[in-house]
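# Descriptive structure summary
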Amino acid sequence: MLEQYIYKNRKKLRCGYTTGSCAAAAAKAAAQMLLGGQRTETVELVTPSGQKLLLDVEEILQEKERVSCAIRKDSGDDPDITNGILIFASVEKAEDGFRLEGGTGVGRVTLPGLDQPVGEAAINTVPRRMITRAVEDICAQYGYTGGIRVLISIPEGVRLAGRTFNPRLGIEGGLSILGTTGIVEPMSEAALLDTIEVEMKQRAAQGWKKIILTPGNYGMDFLKEVLHLDQEKSVKCSNYIGEALDKAVETGFDSVLLVGHIGKLVKLGAGVMNTHSRWADARLETLASCAILAGGEAGTAAALLRSNTTEEALEILREKGPFEETMAILLEKIAGHLEHRTGGSIQTEAVVFSNKFGILGKTPGADSLLSRLQQENGWEPQ
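Everything quoted here is computed from the prediction, not taken from an experiment.

Here is what the cut-offs are and how they apply
- Residues numbered from 1 in each chain as written.
- Predicted model: local features only at pLDDT ≥ 70, side-chain atom pairs only at ≥ 80, totals over all residues.
- Heavy atoms only, no water.
- Axes fitted to C-alpha atoms, helices over the stretch in contact; angles between N-to-C directions.
- Helix = DSSP H or I, 4+ residues; strand = E, 2+ residues; numbered from the N terminus.
- Parallel < 35°, antiparallel > 145°, perpendicular 65-115°, else oblique.
- Contact = heavy atoms within 4.5 Å.
- Pairing = 2+ DSSP bridges.
- Core = buried A, V, L, I, M, F, W, Y, C linked by side-chain atoms within 4.5 Å.
- Buried < 20%, exposed > 50% of the residue type's maximum accessible area, 1.4 Å probe, protein only.
- Lys, Arg positive; Asp, Glu negative; His and termini not counted.
- Salt bridge = Lys/Arg side-chain N within 4 Å of Asp/Glu carboxyl O.
- Polar contact = N/O pair within 3.5 Å; in protein donor to acceptor, adjacent residues only side chain to side chain.
- Phe/Tyr/Trp six-rings, centres within 6.5 Å; stacked < 30°, edge-to-face > 60°.
- Expected span 1.5 Å × (residues − 1).

In the contact formed by helix α11 (residues 310-320) and helix α12 (residues 323-342), the axes pass within 8 Å of each other and the chain directions differ by 130 degrees. It follows that α11 is oblique to α12 by the angle criterion. Contacts between α11 and α12 involve Leu314, Leu317 and Arg318 on the former and, on the latter, Phe323, Glu324, Thr326 and Met327.

Dropping the structure here:
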């Protein structure tokens, strides 16, 4: 067990190690047993971050020309579905060169824009380097100059793949071998942002210049049920709206349509670009200030500030007013902050809705952008 910890929200959380580290360690152990002839119960691996791991080797199968073994994935305190599964490596001698392949349970890339080209096993660049280096070091240790074939497999990968982003990303048949540092940090924001970036790059590789972002499940459902759009054609950005906009600019999109529930997007009216409650709230304060600017009475603003939820605040605005005027000012503020975040380099529009009242407002160019998205990407009402 890796004894490395980080602190998040005043909690001590244990780190783990990636599928890439597991695959590299398994390949190293298998190569050592193949070339050295002795059974290896533990294997040492230095990750790209410099962390030294000493891992138990399991499921050892030694044959004359091939050795197979596994490393058990440890995700630490991260809620990762791969925790505890076995990552296998089979190593055998070949005529010449070094071949790395993906076997059962390792996904295969079917769409462009990912780390590996279409048709390749979903073993990302850094894990590929880790595996290659680990095996080549063993070959050098034993003076072996012939060819080597390494096959990585994950027996539980097919079953678990449906619970990951892989089918959505165009990775079919299993899990990915991932990791840039070799270490898993619990509840890593970087991992979520990497997922957002991967999805965007994939859309861009398919030729898209315009994209829809939505924070979560409410927005995904709204896309399908109200806007009649295919949910699979959007990117879920969670609370990281500002970072998602940054990545949209970096990726080369020319337009972004943001679709979300008022409970999240109202915060944009105050310039809050990370909508997680631990960073900032400002929901009711933003609504109250917009209501005052729209001509609402002080008593109405006070009632809004005493609300528990944005849906409750909307009820008050419906009853006491001014409802439409307040929403118009809120959307004006949201539009201004979206443009400021992107520096005006791309078109940014928003659609804000509530579960009870439906569409609350749109920025000025939202309708025309939505129409162009449907036409250019072949999206049709369902």
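With that out of the way, let us pick up the pairing of strand β20 (residues 358-362). Here strand β19 (residues 347-354) pairs with β20 via 4 bridges, running antiparallel. Counted as the bridge partner of serine 354 is glycine 358 from β20. Remark: 3 residues form the turn of the hairpin made by β19 and β20, two consecutive strands paired antiparallel.

A separate point is the nonpolar core. If you look at the biggest cluster of nonpolar residues, it comprises 48 residues, and the most contacted ones within it are Ile131, Val150 and Ile152. At the level of secondary structure, the elements contributing two or more residues to this core comprise α1 (19-36), β4 (42-46), β5 (52-56), β7 (66-72), β8 (86-94), α2 (125-141), β12 (147-153) and α3 (157-161). The element contributing the most residues to this core is α1, with 12 residues. Once residues within four sequence positions are removed from consideration, isoleucine 152 is found in contact with Ala23, Ile87, Phe88, Ala89, Leu100, Glu101, Gly102, Gly103, Val106, Ile123, Ile131 and Ile177.

The next thing to look at is the side chain of glutamate 349. Among the secondary structure elements, glutamate 349 is positioned in strand β19. With no salt bridge to any partner, buried glutamate 349 finds its closest opposite charge in arginine 372, at an N-O distance of 6.9 Å. A distance of 2.5 Å separates a polar atom in the side chain of glutamate 349 from a polar atom in the side chain of threonine 363. A polar contact of 3.1 Å, which involves the side chain of glutamate 349, links it to the backbone nitrogen of glycine 365. Filtering out sequence-adjacent residues up to four positions away, glutamate 349 remains in contact with Val256, Leu257, Leu258, Leu338, Thr363, Pro364, Gly365, Ala366 and Leu369.

Our focus in this paragraph is the packing of aromatic side chains. Applying the stated criterion across every chain yields a total of 2 aromatic pairs. For the ring pair phenylalanine 222 and phenylalanine 353, a centre distance of 3.9 Å and an interplane angle of 5 degrees mean the geometry is stacked. Residue phenylalanine 222 is located in helix α6 (residues 217-225), and its partner phenylalanine 353 is located in strand β19; the two are separated by 131 residues in the primary sequence. The class for phenylalanine 222 is buried, based on a relative accessible area of 7%.

Attention now moves to the pairing of β5. The two faces of the sheet receive side chains in turn, since in a regular strand these alternate between them. The side-chain alternation of β5 yields one buried face, formed by Leu53 and Leu55, and one unburied face, formed by Lys52, Leu54 and Asp56. Bridge count between β4 and β5: 5 bridges; the pairing is antiparallel. Across the sheet, residue valine 46 finds its bridge partner in β5, namely lysine 52.

With that settled, consider helix α5 (residues 189-205). Each turn of an α-helix holds 3.6 residues, which means side chains three or four residues apart point in the same direction. In this model, α5 (17 residues) spans 24 Å end to end at C-alpha, consistent with the 24 Å of a helix rising 1.5 Å per residue. Among the residues of α5, Leu193, Ile196, Glu199, Met200, Gln202 and Arg203 are the ones counted as buried. Phi turns positive, to about 95 degrees, at glycine 207, one or two residues after α5.

Another aspect to go through is the pattern of salt bridges. Across all of its chains, the model carries 20 salt bridges by this definition. The closest approach of N and O atoms between arginine 149 and glutamate 101, which form a salt bridge, is 2.8 Å. Of the two residues, arginine 149 sits in strand β12 while glutamate 101 sits in strand β9 (residues 98-102), which places them 48 residues apart along the sequence. Under the relative-accessibility criterion, glutamate 101 is labelled partly exposed at 23%. Each of Glu92, Arg99, Glu101 and Arg149 takes part in one network of salt bridges that share partners.

Bringing the environment of threonine 310 into the picture now. For threonine 310, the location among the structural elements is in helix α11. On the basis of relative accessibility, which here comes to 4%, the residue threonine 310 falls in the buried class. Along the chain, threonine 310 and leucine 287 lie 23 residues apart, while their C-alpha atoms are 8.4 Å from each other. The contact partners of threonine 310, leaving out residues within four places of it in the chain, are His261, Ile262, Gly263, Val266, Arg283 and Leu287.

What follows concerns the sheet that holds β12. With mixed pairing, 5 strands are arranged side by side in an open sheet as β6-β7-β8-β12-β9. Each edge of the sheet is formed by a strand with only one pairing partner; in this case those strands are β6 (58-62) and β9. Pairwise comparison of adjacent strand axes, ignoring direction, gives a mean angle of 15 degrees for this sheet. Looking at chain direction, β6 and β7 are connected through 3 bridges and run antiparallel. Residue pairing across strands places glutamine 62 opposite valine 67, the latter belonging to β7.

By themselves these figures say nothing about function.
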